[in-house]
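Listed below are the residues making up each chain.
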Amino acid sequence: MPKIHYLHILLSLLFLTSLNSIANNDDEDSVVPIASAAFSVHIDEDIINITGIQTQALQSTLFSPEIETFATRVDLSPLINTRKEYFTVLNRLANARITVKQSQLNVQRLESLHREKAVSKRKLLAQRSQLERDETNLKAAEQQANNIRLHTQEKWGKVLTQWFLNEEYSHSNMLNALSKPIYLIYLPAPLTSPIASVAIHSFGLREKAQSASLISSAAMHSLHPQATGTAFFYLSNQTTDTYHSRVTAWLPLKEDELSGFIIPASAIVWHLGQAYVYLQVDDELFKRVKIEQKRLVNTASYFIQDPLQEGFYLVTTGAQMLLSEEFRGQIPAEDDDD
């Protein structure tokens, strides 16, 4: 066969190979990873519209750091029983004072009659003995009332003791405590000093949390004897008709507000235990960015500082699909021998 014929065949084969390569490239234009850009994926605009990928422009905001813990509702029935016992003792104490005062008057009267020799000394001595017994009963009642108050104050704190055991104190605080739940919170490290107001919610929903105000310390309260940290009583600022023995509490840290971005939880994707988000670089190019630190804001969002910047477009819907496409594009195509 002439050499020119071999050359013609070779050129024809090269031309067909070139056409197949162009056709294959046209078929794969819809999803092509950017080999030169690490952690990037190219998605055709039509595919973006079909899959419903959504983005939002990042806008910086201020965030107050918090620690999430739990609060336990306090059963006030022991304190109510103590109040009943205390006022029973106070009634006995009031009667004892009246009795002592009457015995003192009787002694004074008999002493005057004895000086005038109108009564015998034996009768005077008997009345003095009665006075001593009445004074002993008075001291016992005073001691009992004092012991109840000290024990209550040690367990419940000065404020709640005053609300429930002080006769002269306004009953409005006690009635308020009976209509709204009181919670016991142990402050975890690094918190040591009391916090004026905390946020609580029965089902751990931060966005629906209600505030609770500090009442007093409760260091000696035995509701959780094995718990560590300083305990404090908090009064919910909202009445409730349902009983929840344990609720989630959010305690603000005494730090300066942080500047960063609140992003939806749907924007976070995970790979090998590491969190990532996708940013839209241009109309059809997305870049995966590692997130080193994040703070949970609520059940649906996180607060993130670095490496995000204001004006970046964050993928809020479809991030998981982008991750799948990125790794699918990294799988080398099998040779077609047909």
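Everything quoted here is computed from the prediction, not taken from an experiment. (Residues numbered from 1 in each chain as written. Predicted model: local features only at pLDDT ≥ 70, side-chain atom pairs only at ≥ 80, totals over all residues. Heavy atoms only, no water.)

1. Some details on the overall build of the protein
Part 1 of the reasoning: Looking only at helices and strands, one finds 6 helices and 17 strands in the protein.
Part 2 of the reasoning: Taking all 338 residues of the protein together, 34% fall into the buried category.
Part 3 of the reasoning: Residue pairs at least 24 apart in sequence account for 74% of intrachain contacts in the protein once pairs closer than 6 positions are excluded.
Part 4 of the reasoning: Total accessible area on the protein stands at roughly 21,100 Å², and carbon and sulfur atoms take up 51% of it. (Helix = DSSP H or I, 4+ residues; strand = E, 2+ residues; numbered from the N terminus. Buried < 20%, exposed > 50% of the residue type's maximum accessible area, 1.4 Å probe, protein only. Contact = heavy atoms within 4.5 Å. Areas by Shrake-Rupley, 256 points an atom, 1.4 Å probe, with all protein chains shown as cover.)

2. Quick look at unusual backbone geometry
Part 1 of the reasoning: In this structure, Pro307 follows Asp306 across a cis peptide bond, with omega equal to 0°.
Part 2 of the reasoning: In this model, Lys117 sits at a positive phi of 60°, which is unusual for a non-glycine residue.
Part 3 of the reasoning: A positive phi angle, near 55°, is found at Leu272, a position not held by glycine.
Part 4 of the reasoning: Inspection of the secondary structure puts Leu272 in the loop between β12 (269-271) and β13 (274-280).

3. As for the packing of aromatic side chains
Part 1 of the reasoning: Under the definition given, this model contains 4 aromatic pairs.
Part 2 of the reasoning: With a centroid separation of 5.7 Å and an interplanar angle of 80°, the aromatic rings of Tyr86 and Phe87 are classed as edge-to-face. The two residues Tyr86 and Phe87 agree in class, both being buried.
Part 3 of the reasoning: Here the basic side chain of Arg246 rests over the ring of Phe70, its NZ or CZ set 3.7 Å away from the ring centre.
Part 4 of the reasoning: For Arg288, the ring lying beneath its charged end belongs to Tyr276, and the centroid distance is 4.6 Å. (Phe/Tyr/Trp six-rings, centres within 6.5 Å; stacked < 30°, edge-to-face > 60°. Lys NZ or Arg CZ within 6 Å of the ring centre and 35° of its normal.)

4. Here we look at the environment of Asp134
Part 1 of the reasoning: Note that Asp134 resides in helix α4 (residues 121-165).
Part 2 of the reasoning: Once the C-alpha coordinates of Asp134 and Arg97 are considered, the two residues, 37 residues apart in sequence, prove to be 8.4 Å apart.
Part 3 of the reasoning: Not counting chain neighbours up to four residues away, the residues in contact with Asp134 comprise Thr99, Val100 and Ser103.

5. Regarding the pattern of salt bridges
Part 1 of the reasoning: Following the criterion strictly, the structure yields 5 salt bridges and no others.
Part 2 of the reasoning: For Glu111, the salt bridge goes to Arg128, with nearest N and O atoms at 2.9 Å. One end of the pair, Glu111, is in helix α3 (residues 77-115); the other, Arg128, is in helix α4, and 17 residues separate them in sequence.
Part 3 of the reasoning: Relative accessible area serves as the criterion here: at 34%, Arg128 is assigned to the partly exposed category. (Salt bridge = Lys/Arg side-chain N within 4 Å of Asp/Glu carboxyl O.)

6. Points about the environment of Leu178
Part 1 of the reasoning: Relative to the assigned elements, Leu178 resides in helix α5 (residues 172-179).
Part 2 of the reasoning: When the C-alpha positions of Leu178 and Leu76 are compared, they lie 8.0 Å apart, and in sequence the two are 102 residues distant.
Part 3 of the reasoning: For Leu178, the residues in contact, after removing those within four places along its chain, are Leu76, Ile80 and Phe164.

7. What to know about the confidence of the model for the protein
Part 1 of the reasoning: Here the protein averages 81 in pLDDT, and 81% of its residues register 70 or above.
Part 2 of the reasoning: Within the model, pLDDT remains below 50 along residues 1-37, and this stretch shows 17 contacts once partners closer than five positions in the same chain are excluded. (pLDDT = per-residue confidence, 0-100.)

8. As for the packing of α3 against α4
Part 1 of the reasoning: Contact geometry of α3 with α4 gives a least axis separation of 7 Å together with a crossing angle of 155°. It follows from the interaxial angle that α3 and α4 lie roughly antiparallel. Crossing hand, α3 versus α4: left-handed.
Part 2 of the reasoning: A breakdown of the residues in the contact of α3 with α4 according to their chemical character gives 22 nonpolar, 11 polar and 12 charged. (Axes fitted to C-alpha atoms, helices over the stretch in contact; angles between N-to-C directions. Parallel < 35°, antiparallel > 145°, perpendicular 65-115°, else oblique. Left-handed = near helix turned anticlockwise from the far one by under 90°. Nonpolar A, V, L, I, M, F, W, Y, C, P; charged D, E, K, R; others polar.)

9. Notes on the sheet that holds strand β15 (residues 295-298)
Part 1 of the reasoning: With respect to topology, 4 strands assemble into an open sheet ordered β4-β11-β16-β15, the strand pairing being antiparallel. The open sheet has two edge strands, β4 (61-63) and β15, and neither has a second partner. Geometrically, the sheet is characterised by an average inter-axis angle of 50° between neighbouring strands, direction not taken into account.
Part 2 of the reasoning: Relative to strand β11 (residues 258-264), β4 is paired through 3 bridges, and the arrangement is antiparallel. Considered in β11, the bridge of Thr61 is made with Gly260. (Pairing = 2+ DSSP bridges.)

10. With respect to the nonpolar core
Part 1 of the reasoning: With 31 residues, the main nonpolar core has Leu160, Phe164, Ile182 and Phe233 as its most contacted residues.
Part 2 of the reasoning: Residue assignment for this core shows that the elements contributing at least two residues are α3, α4, α5, β6 (182-187) and β9 (230-236).
Part 3 of the reasoning: Ile67, Ile195, Ala212 and Leu253 belong to the second largest nonpolar core, which has 16 residues in total. (Core = buried A, V, L, I, M, F, W, Y, C linked by side-chain atoms within 4.5 Å.)

11. Thoughts on α4
Since there are 3.6 residues in each turn of an α-helix, residues three or four apart along the chain are aligned in direction.
Part 1 of the reasoning: With 45 residues, α4 extends just 45 Å between its outermost C-alpha atoms, more than 12% less than the 66 Å of an ideal straight helix rising 1.5 Å per residue.
Part 2 of the reasoning: Maximum bend of α4: about 120°, positioned at Gly157. (Expected span 1.5 Å × (residues − 1). Bend = angle between axes of the 7 residues up to and from the residue.)

12. Some remarks on the sheet that holds strand β8 (residues 210-217)
Part 1 of the reasoning: The strand order around the closed barrel built from 6 strands is β5-β6-β9-β8-β7-β10, with neighbouring strands paired in antiparallel fashion. Averaged over neighbouring strand pairs, the angle between their axes works out to 40° when direction is ignored.
Part 2 of the reasoning: Relative to β9, β6 is paired through 6 bridges, and the arrangement is antiparallel. Residue pairing for β9: Tyr183 is matched across the bridge by Tyr234.

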